[in-house]
Amino acid sequence: MLAVADRNINTLVEYRFARIHRARDGERGGGRQCSGKSAEDVVLRMPAGTVITDARTGETLADLAEHEQAAVLAQGGRGGLGNVNFKSSTNRAPASPPPEQPGSTARSISN
């Protein structure tokens, strides 16, 4: 999830009622050892001069002072490796690969 400064926006009214923003899942991998496609980033356009702080700790996360300046608010997860990376000559269909790694969550952000 990215926050991007935009000099053509002057209020945050757009985010008043749409408070939850989630990225879609990426595409699944296909046959023949193909890896899936990543999902598009969620881009939140904000007025230039916005200061983003963590509501719990008061820590400043980003200061979007200039036009088109970007800040990463939450990082996406890493998908699994697929069965092709765990198969061997004796174990052709592995039962349980290691779990995927979840992405980060930005829960309480204020401006």
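Up top is the structure these notes are about.
Residues numbered from 1 in each chain as written. Predicted model: local features only at pLDDT ≥ 70, side-chain atom pairs only at ≥ 80, totals over all residues. Heavy atoms only, no water.

**Concerning the overall build of the protein chain**
A tally of helices and strands in the protein chain yields 0 helices and 6 strands. Listing every helix and strand of the protein chain by position from the N terminus yields β-β-β-β-β-β. Element-wise, carbon and sulfur atoms account for 45% of the exposed surface of the protein chain, whose accessible area totals about 9,000 Å². (Helix = DSSP H or I, 4+ residues; strand = E, 2+ residues; numbered from the N terminus. Areas by Shrake-Rupley, 256 points an atom, 1.4 Å probe, with all protein chains shown as cover.)

**Considering the nonpolar core**
Most often, soluble globular proteins have nonpolar side chains that are buried together. Core analysis: the largest hydrophobic core is formed by 11 residues, namely A3, A5, Y15, V42, L44, M46, I52, A62, L64, A71 and L73. Mapped by element, the contributors of at least two residues to this core are β1 (2-6), β2 (43-47) and β4 (60-64). (Core = buried A, V, L, I, M, F, W, Y, C linked by side-chain atoms within 4.5 Å. Buried < 20%, exposed > 50% of the residue type's maximum accessible area, 1.4 Å probe, protein only.)

**Topic: the pairing of strand β3 (residues 50-54)**
Of the pairings in the sheet, the one linking β3 to β4 comprises 4 bridges and is antiparallel in character. Residue pairing in the sheet places V51 in a bridge with D63 of β4. Between β3 and β4, which pair antiparallel one after the other, the connecting turn spans 5 residues, and G58 there sits at a positive phi close to 80 degrees. (Pairing = 2+ DSSP bridges.)

**Focus: unusual backbone geometry**
Unusually for a residue other than glycine, E68 sits at a positive phi of about 70 degrees. Of note, E68 is situated in the loop between β4 and β5 (70-72). The class of E68 is partly exposed, set by a relative accessible area of 45%.

Note that all results are geometric; they support no functional claim without further evidence.
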